[in-house]
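Observations on the three-dimensional arrangement
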Amino acid sequence: MSEVEQVPAESPFHSRLPIGERLDASALTEGLPWAFDEISMRPLEPMLVPEKPRGGETDRAQCGACTPSANTIWHDDLWQVGMRSELSGLPFMAWVSPRGHWLLEDAPIEVLAELGPLMQRISEAVKSIPGVARCHFGRWNDGSAHLHMWALARPAGMMQARGAALAFWDDILPPLPQEMADEHARIVAEALAAGGGEAFPHR
Ligand SMILES: [Zn+2]
């Protein structure tokens, strides 16, 4: 099968961008007590469309979020929470997704309506892990098409991980020992199950 030909994206936004130039990254290193001492950006690459399909976008049988996994730490009738296979450098990091194959664009209102209360429960559960100050949520959806968010725990006192910088520290802090990762997953799973649903449904 031949690949779809990609062409540069066209919009008023794109037309003013200095493609090929290396842009100043000092906004990431100045001001706040931030994470970065020195950063050099790669030259701005051409922005080509159509983009390549995301996981599960063209073949739902290949969708990881639809496949029951031992990494799922909790689920109820509509939503599920699970860990990545790789160990995180953060005290806790998990994906949150509907059990059905929904995109944000087509998810039924009854599924979406459960997300707010679930985010509150997840945040409280994650903050009960020793050494955790806050639970942040990210929704990027560039890897898998299946609607998913990320719940990330910010370590107490770690002002260098404020805001979006937290997602970078995940790969930089030393990975948790397996035993500690399992214990933190257990704390969150049991706290969630106390409010409904089931902990470790596929184990
Ligand atoms: Zn799916």
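Residues numbered from 1 in each chain as written. Predicted model: local features only at pLDDT ≥ 70, side-chain atom pairs only at ≥ 80, totals over all residues. Heavy atoms only, no water.

1. Points about the packing of aromatic side chains
The final tally for this structure, using the stated rule, is one aromatic pair. Relative to Phe168, the ring of Phe36 lies with its centre 5.7 Å away and its plane at 75°, an arrangement referred to as edge-to-face. Of this pair, Phe36 sits in the loop between helix H1 (12–15) and strand S2 (48–49) while Phe168 sits in helix H4 (residues 165–169), placing them 132 residues apart in sequence. (Phe/Tyr/Trp six-rings, centres within 6.5 Å; stacked < 30°, edge-to-face > 60°. Helix = DSSP H or I, 4+ residues; strand = E, 2+ residues; numbered from the N terminus.)

2. Overview of the coordination of the zinc ion
In the first shell of the zinc ion, the protein supplies Cys63 (SG), Cys66 (SG), His101 (ND1) and His146 (ND1), at 2.1 to 2.3 Å from the metal. The sequence pattern formed by the donor residues of the zinc ion is C-x2-C-x34-H-x44-H. Within this pair, whereas His101 is found in the loop between strand S5 (93–98) and helix H2 (109–112), its partner His146 is found in the loop between strand S6 (132–138) and strand S7 (149–155), the two being separated by 45 residues in sequence. Of the residues examined, His101 reaches a relative accessible area of 12% and is grouped as buried. The class for His146 is buried, based on a relative accessible area of 0%. (Donors = N, O, S within 2.8 Å, 3.2 Å for Na, K, Ca; no water. Buried < 20%, exposed > 50% of the residue type's maximum accessible area, 1.4 Å probe, protein only.)

3. Comments concerning the sheet that holds strand S3 (residues 72–75)
As summarised here, the arrangement of the six strands in space is S6-S7-S5-S4-S3-S8, forming an open sheet in which the pairing is antiparallel. The open sheet has two edge strands, S6 and strand S8 (198–199), and neither has a second partner. Direction of pairing for S3 relative to S8: antiparallel, over a ladder of two bridges. Looking at S8, one finds that Trp74 is bridged to Ala199. Against the sheet, helix H3 (residues 115–127) contacts S3, strand S4 (79–83), S5, S6 and S7, and its axis sits at roughly 150° relative to S6. Where helix H5 (residues 178–193) meets the sheet, it contacts S3, S4 and S8, and its direction lies at approximately 10° from that of S3. (Pairing = 2+ DSSP bridges. Contact = heavy atoms within 4.5 Å. Axes fitted to C-alpha atoms, helices over the stretch in contact; angles between N-to-C directions.)

4. Topic: the domain arrangement of the protein
The domain architecture assigned to the protein consists of domain 1 (7–51) and domain 2 (60–199). Relative placement of domain 1 and domain 2: their C-alpha centres are 29 Å apart. On the domain 2 side, the residues contacting the five residues of domain 1 number six residues. A buried area of about 500 Å², summed over both sides, lies between domain 1 and domain 2, and 66% of it is on carbon and sulfur atoms. Linking domain 1 to domain 2 there are zero salt bridges. Summed over the shared surface of domain 1 and domain 2, the number is zero residue pairs in polar contact (both at pLDDT 80 or more). (Domains from an automatic or database assignment. Buried area = accessible area lost by both parts, 1.4 Å probe. Salt bridge = Lys/Arg side-chain N within 4 Å of Asp/Glu carboxyl O. Polar contact = N/O pair within 3.5 Å; in protein donor to acceptor, adjacent residues only side chain to side chain.)

5. Structural notes on the packing of H3 against H5
Interhelical geometry of H3 versus H5 gives an angle of 135° and a closest axis separation of 9 Å. By the criterion of interaxial angle, the relationship of H3 to H5 is oblique. Where H3 crosses over H5, the handedness of that crossing is right-handed. In this structure, H3 uses Leu118, Arg121, Ile122, Ala125 and Val126 to contact H5, whose residues at the interface are Ile187, Val188, Ala191 and Leu192. In terms of residue class, the contact of H3 with H5 is built from eight nonpolar, no polar and one charged. (Parallel < 35°, antiparallel > 145°, perpendicular 65-115°, else oblique. Left-handed = near helix turned anticlockwise from the far one by under 90°. Nonpolar A, V, L, I, M, F, W, Y, C, P; charged D, E, K, R; others polar.)

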